[in-house]
Amino acid sequence: MSCIRFNTPAQRQAMRDHSPAMLTAEEAAALHPAPEFTESKLRRLRLLATDQNPKIREAVASSYNTPLDLFETLAKDPDEGVRGCVAKNEATPCDILRSLAGDRSETVRGWVAVNYSVPADVMEKLAKDRSRTVRSLVKWKAQLAEEESAEGTVERAQEPALRP
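Residues numbered from 1 in each chain as written. Predicted model: local features only at pLDDT ≥ 70, side-chain atom pairs only at ≥ 80, totals over all residues. Heavy atoms only, no water.

(A) Spatial organisation of the pattern of salt bridges. One pass over the full model with this rule turns up eight salt bridges. Among the salt bridges present, the one from Asp77 reaches Arg57, with a minimum N-O distance of 2.7 Å. With a gap of 20 residues between them, Asp77 in the loop between helix H5 (68–74) and helix H6 (80–88) and Arg57 in helix H4 (residues 54–62) connect regions that are remote in the sequence. When salt bridges that share partners are traced, they join Asp95, Arg98 and Asp121 into one network. (Salt bridge = Lys/Arg side-chain N within 4 Å of Asp/Glu carboxyl O. Helix = DSSP H or I, 4+ residues; strand = E, 2+ residues; numbered from the N terminus.)

In C-alpha cells, the structure reads:
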C-alpha cells in the first residue's frame, strides 16, 4: 500500500511552511507535460489488456487513459491484483468502484476504500464490510479527511483578514 500517505500533521505543516520553494502542481505539469495520448497508444492498451501476464494487465488497469470498456473488463479479471489496480485508480468510473465494493477479495475492497474518487454511498457500504481491515481503512480515511479539514480551518483562521 505504498501510495497511502503517512505524514503526521507536523510533517504536513513543515511541508506547507517550505512550500514557496516547491513547484505548484501546475508549474510541475508545465515543466514536465505528459505525452499526447494517441490512437496508437489506445490500441496498445487494448492489446495489453488481453495479455496472459497479470502484471501487464495491472499496468493497463493503472493507466489514467484506460477507456471505460477496458475498466469494465479488467474489473472482472480473474486476477485479484488486476482488480485491485482498477480499484485504486482514481480514473476508474464510480459505477465500477461500486461494483468492486462487493468484490470477493478483501484487498480489492480495501483499495476501493482508500480511493479518493469513491462515492459516499460506497464508503457507507464499506463501513459495514465483513472485513475488519476494510472497515479500518474506511475509518482511517475519514480520520484523514477530518484532520485535513481541521488543518484547513486553522490555516484560514491564521490568515490575515483581507481588507477592501
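(B) Structural view of the nonpolar core. Leu74, Val86, Leu100, Val112 and Leu126 are the most contacted members of the largest nonpolar core, which has 28 residues in total. Elements with a contribution of two residues or more to this core: H4, H5, H6, helix H7 (94–100), helix H8 (106–114), helix H9 (120–126) and helix H10 (132–158). Considering each element in turn, this core owes the most residues, five residues, to H8. If sequence neighbours within four positions are ignored, Val112 has contacts with Ala87, Leu97, Leu100, Ala101, Val118, Val122 and Leu126. (Core = buried A, V, L, I, M, F, W, Y, C linked by side-chain atoms within 4.5 Å. Buried < 20%, exposed > 50% of the residue type's maximum accessible area, 1.4 Å probe, protein only. Contact = heavy atoms within 4.5 Å.)

(C) Summary view of the packing of aromatic side chains. Summed over all chains, the structure comprises zero aromatic pairs. Here Lys88 stacks its cationic end above the ring of Trp111, 4.1 Å away from the centre of that ring. Seen from the ring of Tyr116, Lys141 lies directly overhead, with NZ or CZ sitting 5.6 Å from the centre. (Phe/Tyr/Trp six-rings, centres within 6.5 Å; stacked < 30°, edge-to-face > 60°. Lys NZ or Arg CZ within 6 Å of the ring centre and 35° of its normal.)

(D) Local environment of the side chain of Ser105. With respect to the helices and strands, Ser105 occurs in the loop between H7 and H8. Exposure remark for Ser105: the relative accessible area of 5% places this residue in the buried category. With near-sequence residues (within four places) excluded, Ser105 lies in contact with Glu80 and Arg83.

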